[in-house]
Amino acid sequence: MDFEITFFYAGHYWDNQPIPEHSHWGTELVYTARGECVTRFRDDTFLTTRAGMVCITPPELMHQQKNLTADCETYYAVMQVNGRRFRTDLRTIDVSDDPLIGRWFQDLLELWNNHAHEAANALLAALWLRLEACEMGQKNLLNCHPGLRRALDLLENHYMEPLDVSTLAQAAGLSRSHLAALFRQRFQTGINTYLTSIRMMHARRLLLNPYYHVAEIGVLCGYPDSNYFTRNFHRFHGVTPLEYRRNPSISSRLPEGKGGGMEPVDLHREADQNPGGGE
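Only a predicted model underlies this, so the values are computations on that prediction, with no experimental measurement involved. Here the residue numbering is sequential within each chain, running from 1 through the sequence in written order. Local features in this predicted model are restricted to residues whose pLDDT is 70 or higher, and side-chain atom pairs enter the listing and the counts only when it is 80 or higher, whereas totals over whole chains, interfaces and linings include all residues. Hydrogens and waters are ignored; side-chain quantities use all the structure's heavy atoms.

## Some details on the overall build of the protein chain
The helix and strand labels rest on DSSP assignments: H or I over at least four residues marks a helix, E over at least two residues marks a strand, and numbering proceeds from the N terminus. Check the secondary structure of the protein chain and you find 10 helices and 8 strands. Exposure is judged per residue with a 1.4 Å probe applied to protein chains only, and the accessible area is read against the type maximum: over 50% gives exposed, under 20% gives buried, and values in between give partly exposed. Burial analysis of the protein chain (279 residues in total) assigns 48% to the buried set. Across the protein chain, the fraction of contacts at a sequence separation of at least 24, relative to all contacts at a separation of at least 6, is 74%. Shrake-Rupley sampling with a 1.4 Å probe provides the accessible areas, and residues are treated as covered by the protein chains on show and by no other component. Total accessible area on the protein chain stands at roughly 14,000 Å², and carbon and sulfur atoms take up 51% of it. By definition in these notes, contact holds between two residues if any of their heavy atoms fall within 4.5 Å.

Laid out in structure tokens, this is it:
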């Protein structure tokens, strides 16, 4: 075996209060079982996970988790990963289609509570292999231009940060015009509209959590100016953030021509329906 995993501890979190900033000596895996949460890291990187996603945090990286929905529930496990088989860099993996991973995180917690560390080591080895298979499967599934995939990864994981077409094009290794053409071909919309749709999707979810102020939601969605956030939200949905919070179904009843935003595409599902979309 070209790797060795040593289990440290596991836990379960379902409280709706922010977790204090902290770090771990080992690599941490966090599985979101329900709801949605965002984790801020010391370098001001933000990663959002929803139900069925795993966040991998490398050792000794300071971070703080905040729930985006009141029903958010997470399981976590911390371990030492030796060898070069598995990547322990910061990232998320969508495992929502896997029938075993969520159950295994619950089993790890039970093994921790019963001091069964050797069994936990074995289960973690299987878990890492499963995560690796999920990640490889997703990469093979997304039959699109590799530069477009790089740009989408940046949008999906860093939508709350300042992003422009030049930054995305540089990350994609493409010219601005080529990247824009790929977006139009794949999604029938422009890059800025797609970014706005991602931000607005997260804004809607955050507004359902009464513990967040509108200004704070704006910052978490990439709008440090609360007035600018409110204007953009109104332009996209036809209602203000506070109106949406009071009645989340109101934007779906707007007359034709109001609230003209698009919902971002789930690429993992979209690839099944459009296997020839890349160029």
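## Observations concerning the pattern of salt bridges
A pair is scored as a salt bridge if a Lys or Arg side-chain nitrogen falls within 4 Å of a carboxyl oxygen belonging to Asp or Glu. By the definition in use, this model includes 14 salt bridges. Its salt-bridge partner being Glu21, residue Arg40 comes within 3.9 Å of it at the nearest N-O pair. A residue pair is termed long-range when its members are at least 10 positions apart, and Arg40 in strand β3 (residues 36-41) and Glu21 in the loop between β1 (4-13) and β2 (27-34) qualify at 19 residues. We note a salt bridge from Arg87 to Glu135, for which the minimum N-O separation is 3.8 Å. Of this pair, Arg87 sits in the loop between β7 (73-82) and β8 (91-94) while Glu135 is found in helix α2 (residues 117-141), placing the two residues 48 residues apart along the sequence. Using a relative accessible area of 13% as the deciding quantity, one classes Glu135 as buried. The network of salt bridges with shared partners includes Arg87, Asp89, Arg91 and Glu135.

## Things to note about the packing of aromatic side chains
For Phe, Tyr and Trp, rings pair up if their centres lie within 6.5 Å, where Trp contributes its six-membered ring, and each pair is then called stacked (planes under 30 degrees apart), edge-to-face (over 60) or tilted (otherwise). Under the defined criterion, the tally for this structure stands at 9 aromatic pairs. An aromatic cluster is present here, built from Tyr223, Tyr228, Phe229, Phe233 and Tyr244 joined pairwise through their rings. The criterion for a charge sitting over a ring is simple: Lys NZ or Arg CZ within 6 Å of the ring centre, and within 35 degrees of the ring normal. Against the face of Tyr223 rests Arg199, its NZ or CZ located 5.3 Å from the ring centre.

## Points about the packing of helix α3 (residues 146-158) against helix α4 (residues 165-172)
Helix axes are fitted to C-alpha atoms over the stretch in contact, other axes to C-alpha atoms as well, and angles between N-to-C directions run from 0 to 180 degrees. It is the contact of α3 with α4, at a shortest axis distance of 8 Å, that shows an interaxial angle of 130 degrees. Comparing the axis directions of α3 and α4 gives the class oblique. For the crossing formed where α3 meets α4, the hand is right-handed. In this structure, α3 contributes Gly147, Arg150, Ala151, Leu154 and Leu155 to the contact, and α4 contributes Thr167, Leu168, Ala171 and Ala172. When describing relative orientation, an angle under 35 degrees is termed roughly parallel and one over 145 degrees roughly antiparallel, while 65 to 115 degrees is termed roughly perpendicular and anything else oblique. Here a crossing is taken to be left-handed if its near helix is turned anticlockwise relative to the far helix by less than a right angle, and right-handed if that turn runs clockwise.

## Here's the deal with the sheet that holds β8
We call two strands paired when DSSP finds no fewer than two bridges between them. Spatially, 5 strands are ordered β1-β7-β2-β5-β8 in an open sheet, and the strand pairing comes out antiparallel. Where the open sheet ends on each side, the last strands, each with one partner, are β1 and β8. Neighbour-to-neighbour, the strand axes of the sheet open up by a mean angle of 20 degrees, direction not taken into account. Where β1 meets β7, 9 bridges bridge the pair, whose relative direction is antiparallel. Of the residues in β7, the one forming a bridge with Ala10 is Ala77. Here helix α1 (residues 101-113) sits on the sheet and contacts β1, β2, β5 (53-57) and β7; the angle it forms with β1, its principal contact strand, is near 95 degrees.

## Comments concerning the nonpolar core
Counting 40 residues, the largest nonpolar core has Leu148, Leu155, Leu179, Phe183, Ile217 and Phe233 as the members making the most contacts within it. For this core, the elements supplying multiple residues, two or more each, are α3, α4, α5 (176-187), α6 (191-207), α7 (214-220) and α8 (226-237). With 8 residues, α6 is the largest single contributor of residues to this core. Setting aside its immediate chain neighbours within four residues, Ile217 contacts Ala203, Leu206, Leu207, Tyr212, Phe229 and Arg245. Within this scheme, the nonpolar core is defined by two criteria: the residues are buried Ala, Val, Leu, Ile, Met, Phe, Trp, Tyr or Cys, and they are joined through side-chain atoms within 4.5 Å.

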